[in-house]
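# Results of the structural survey
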Amino acid sequence: MRASARPRLLARVRCHATEPPVACSGYCAHCQTRHSLPRTPAAEAAAAALLARVRSAGRLDFEAAEPDARFDLATKYRSAERPRQQGQMLGVLLGRRGGEHLVLKAFSGQLNNVWEVPGWAPPLGTIRHDSSPVYTAAFRRIQHLGAEAQAAGAEAAAGSRAEQRAAEARRLRARSAQRAISNALLARIWDGYAVTSVGGRQAKLLEASLLGAGSRGGTGDCCAPKLLAAARAQGVVPEAMAETWLGSSTPDGQRVEGAFYEACQERCAPLLGFMLCPVPTIT
Ligand SMILES: [Zn+2]
Ligand SMILES: [Zn+2]
């Protein structure tokens, strides 16, 4: 019995070892199954080459004609000036367009407070702090109301009872207006994310994510959704993906430069079932 059990176990181990790990995946509510992309050796090599390219250039905007100091590689490492600096996740997508093989690249979130950097996949969101008047106007109003609430709070601590009551009422009104504007801005931001699936279906972010309105902030901003959106926009059929960490490790050791990571469970997984779905239309 033992002799026959061993070959079976070996076969299973071998089979597992030859299958590439999953780079990103998510449950698709339509197909009622998980869709995924593998992290193939070629994808890992492309991610490692990207890391090496960035390090040898010394900057993350290595495809821009003029270097921009904001994207200097040193900004991704801890130093005396930046004692708390951590690195950033970079991702590559390998795909095909006709007979052509392409590699797309993305950084997670913003790069040093900037959403769009030449050569890197653009963000999915359209209402952004660096380019949207809607955002700027709402943000200014939120700041103004914050200052108003603070001033009223200070007034409520002095003066007669009636004056204190009036100041407290003003403070509460300002805070409530601030909350309303902030919530409305957040709704506009979510609404500004257009998500397209591999099959070509379109949805708003909160419709595409399994978590709906319960989606976490930053959903759609990681490497994987940006890469899938860029692939779709450029007519590239995704085949593999890899994400790796550039820069100083996180203090908890969860992120180490050059190591590979699967797309996150909190934000990406609930969205990627939709984005990876190959079904073109739902009838
Ligand atoms: Zn993620
Ligand atoms: Zn599906």
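The numbers attached to residues start from 1 for each chain and follow its sequence in the written order. Chain labels run from A onward and ligand labels from 1 onward, assigned in the order the entries are written. In keeping with the model being predicted, local features are shown solely for residues with a pLDDT of at least 70 and side-chain atom pairs are shown and tallied solely at 80 or more, while totals for entire chains, interfaces and linings include all residues.

## Description of the sheet that holds strand β4 (residues 100–107)
Pairing is antiparallel across the open sheet formed by four strands, whose spatial order is β4-β3-β7-β8. Where the open sheet ends on each side, the last strands, each with one partner, are β4 and β8 (260–261). Direction of pairing for strand β7 (residues 237–246) relative to β8: antiparallel, over a ladder of two bridges. In the sheet register, E243 faces β8, and the bridge partner there is Y261. Residues are defined as contacting one another if the C-beta atoms placed from their backbone atoms lie within 7 Å. Fitted lines through C-alpha atoms give the axes, limited to the stretch in contact for helices. The angle between two N-to-C directions lies from 0 to 180 degrees. Only DSSP runs of H or I reaching four residues or more are called helices, and only runs of E reaching two or more are called strands; each is numbered from the N terminus. Along the sheet, helix α2 (residues 41–57) makes contact with β3 (88–97), β4, β7 and β8, crossing β7 at roughly 45 degrees. DSSP calls a pair of strands paired once it identifies at least 2 bridges connecting them.

## Examining the nonpolar core
If you look at the biggest cluster of nonpolar residues, it comprises 51 residues, and the most contacted ones within it are A224, L227 and M241. Among the elements of the structure, β1 (22–28), α2, β3, β4, α5 (205–208), α6 (223–233), β7 and α7 (268–275) are those that each provide at least two residues to this core. If you tally residues by element for this core, the top one is α6, at seven residues. Excluding residues within four positions of it along the chain, A224 makes contact with C24, G91, M241, A263, C268 and L272. Defined on buried residues, the nonpolar core groups Ala, Val, Leu, Ile, Met, Phe, Trp, Tyr and Cys residues joined through C-beta atoms within 7 Å. Three exposure classes are used, based on other C-beta atoms lying within 10 Å of a residue's own C-beta, which is placed from the backbone: buried for 20 or more, exposed for 12 or fewer, and partly exposed in between.

## Focus on the pairing of β7
Of all 10 residues making up β7, eight are buried, and the element is well covered by its neighbours. Looking at chain direction, β3 and β7 are connected through nine bridges and run antiparallel. Bridged to L93 within β7 is M241.

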